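Commentary on secondary and tertiary structure
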Amino acid sequence: DTAVSQTPKYLVTQMGNDKSIKCEQNLGHDTMYWYKQDSKKFLKIMFSYNNKELIINETVPNRFSPKSPDKAHLNLHINSLELGDSAVYFCASTSGGGQETQYFGPGTRLLVL
Amino acid sequence: SQKIEQNSEALNIQEGKTATLTCNYTNYSPAYLQWYRQDPGRGPVFLLLIRENEKEKRKERLKVTFDTTLKQSLFHITASQPADSATYLCALLSNSGYALNFGKGTSLLVTP
């Protein structure tokens, strides 16, 4: 019954590694997002995908790449992880291109050592 | 630049009192404003949306006001309970129209 799910919930890795975080929504929504919440709890938009097309990219380093195999999934790939990438990453979805309520996943807590 | 400002300090109130949280914004012309609740270790959860032509909106013990002249929204929780303790986030649609920008949130602690 989970509306927006993310895996893994926790991710601990070394600097320089490449990792992926997966997100799935079963709400039938058209738009999905990735947000980053840093240690100061500031929630910042990273990417938005609408019907499998990237429609915004908020000056995120190109080490981060979203990939959407279908409308229900939006995965986040991170290459060459850096210490500053440590944060909580939230996936979210909405039905109307950002103009409706957003439904968030539980978050993935990434720690880069 | 666009800014969304919320009280950065935590708000501590006694159970039964009314909690009032403030959201101020600059360089937005919002058609609507949203409030979310975030509990520790969880994702934000939508609470209320108020449109620019609505002065006030209510949902159970929650009340939101929206003053586009003052560029401010107030979020009220009446008869507050310890279970209301959480961080409350204000959100506005970005200029791109496809994503929300969030304030940093206000942490509310309701003590018995």
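Residues numbered from 1 in each chain as written. Chains lettered and ligands numbered in written order. Predicted model: local features only at pLDDT ≥ 70, side-chain atom pairs only at ≥ 80, totals over all residues. Heavy atoms only, no water.

**Remarks on the state of the cysteines**
Condition: The term disulfide is used for any two cysteine sulfur atoms that are within 2.5 Å. A helix here means a DSSP run of H or I that spans at least four residues, while a strand means a run of E at least two residues long, and both kinds are numbered starting from the N terminus. The buried label goes to any residue with under 20% of its type's maximum accessible area, the exposed label to any with over 50%, and the partly exposed label to all in between, with areas taken from a 1.4 Å probe on protein chains only.
Across all of its chains, the model carries two disulfides over all chains by this definition. Two residues, Cys23 of chain A and Cys91 of chain A, share a disulfide whose sulfurs are 1.8 Å apart. When the S-S torsion is -75°, as for the bridge of Cys23 of chain A with Cys91 of chain A, the disulfide is left-handed. In this pair, Cys23 of chain A is assigned in strand β3 (residues 19–25) and Cys91 of chain A in strand β9 (residues 87–94), connecting sequence segments 68 residues apart. On the accessibility criterion, Cys23 of chain A (2% relative accessible area) is buried. Assessed through its relative accessible area of 0%, Cys91 of chain A is described here as buried. Shown here is the disulfide that connects Cys23 of chain B with Cys90 of chain B, its sulfur atoms set 1.9 Å apart. Residues Cys23 of chain B and Cys90 of chain B are joined by a disulfide whose S-S torsion is about -60°; by sign, that bridge is left-handed. With Cys23 of chain B in strand β3 (residues 19–26) and Cys90 of chain B in strand β9 (residues 86–93), the pair connects residues that are 67 residues apart, well separated along the chain. Considered together, Cys23 of chain B and Cys90 of chain B belong to a single accessibility category, that of buried residues.

**Quick notes on a nonpolar patch on the surface**
Heads up, the condition is: Residues enter patches when their relative accessible area tops 30% and they take part in no salt bridge; the joining distance is 9 Å for like charges and 5 Å for the nonpolar side chains Val, Leu, Ile, Met, Phe, Trp and Tyr. Computed by Shrake-Rupley with a 1.4 Å probe, the accessible areas treat only the displayed protein chains as cover when residues are assessed. Each salt bridge in this description consists of a side-chain nitrogen of Lys or Arg and a carboxyl oxygen of Asp or Glu lying within 4 Å of one another.
A cluster of nonpolar residues, Val12, Leu111 and Leu113 of chain A, forms a patch on the protein surface that exposes about 270 Å² of accessible area. Mapped onto the secondary structure, Val12 of chain A falls in strand β2 (residues 10–13).

**Some thoughts on the packing of aromatic side chains**
The condition that has to hold: We call Phe, Tyr and Trp rings a pair once their centres come within 6.5 Å, taking the six-membered ring for Trp, and we label the pair stacked below 30 degrees between planes, edge-to-face above 60, and tilted otherwise. In this analysis the charged atom, NZ for Lys or CZ for Arg, is taken to sit over a ring once it is within 6 Å of the ring centre and within 35 degrees of the ring normal.
The full count for this structure, using the stated rule, is 13 aromatic pairs over all chains. On the basis of an interplanar angle of 85° and a centroid distance of 6.0 Å, the ring pair of Phe104 of chain A and Tyr36 of chain B is categorised as edge-to-face. With Phe104 of chain A in strand β10 (residues 103–104) and Tyr36 of chain B in strand β4 (residues 32–38), this pair bridges two chains. For the pair formed by Phe104 of chain A and Tyr36 of chain B, the shared burial category is buried. For the pair Tyr25 of chain B and Tyr28 of chain B, a centre-to-centre distance of 6.4 Å together with 85° between the ring planes defines the contact as edge-to-face. One exposure class covers both Tyr25 of chain B and Tyr28 of chain B, and it is buried. Site record: aromatic cluster; members linked through ring pairs are Tyr33, Tyr35, Phe90 and Phe104 of chain A together with Tyr36, Phe46 and Phe102 of chain B. Its end group placed over the ring of Phe42 of chain A, Lys104 of chain B keeps NZ or CZ at 5.6 Å from the ring centre.

**Some words on the environment of Lys9 of chain A**
All names here are of chain A. The following threshold applies: In what follows, a contact means two residues having at least one pair of non-hydrogen atoms within 4.5 Å.
With respect to the secondary-structure elements, Lys9 resides in the loop between β1 (4–7) and β2. Measuring from C-alpha to C-alpha, the distance between Lys9 and Val88 comes to 9.5 Å, with 79 residues separating the pair along the chain. If we skip the residues at most four places from it in the chain, Lys9 touches Gly107, Thr108 and Arg109.

**Description of the interface of chain B and chain A**
As a reminder, the rule being used: By convention, the term buried area covers the 1.4 Å-probe accessible surface removed from two parts as they join, with the contributions of both added. Pairs of N or O atoms are called polar contacts if they sit within 3.5 Å, as long as, within protein, a hydrogen donor faces a hydrogen acceptor (for residues adjacent in sequence, only side-chain-to-side-chain pairs). Any residue outside Ala, Val, Leu, Ile, Met, Phe, Trp, Tyr, Cys, Pro, Asp, Glu, Lys and Arg is labelled polar, Gly included; the first ten of those are nonpolar and the last four are charged.
At the interface, 20 residues of chain B touch 21 residues of chain A. Summing the contributions of chain B and of chain A, the shared interface buries around 1600 Å²; its carbon and sulfur component is 58%. Summed over the three residues of chain B that lose the most area to chain A, namely Tyr98, Phe102 and Lys104 of chain B, the buried surface amounts to 32% of that side. Linking chain B with chain A are zero salt bridges, by the criterion used here. One can count three residue pairs in polar contact (both at pLDDT 80 or more) joining chain B with chain A. Elements with a minimum of two residues in the side of chain B that touches chain A: β4, β9 and β10 (100–102) of chain B. Per-element tally for the side of chain B that touches chain A: the top contributor is β4 of chain B, with four residues. For the side of chain B that touches chain A, the class distribution of residues is ten nonpolar, eight polar and two charged.

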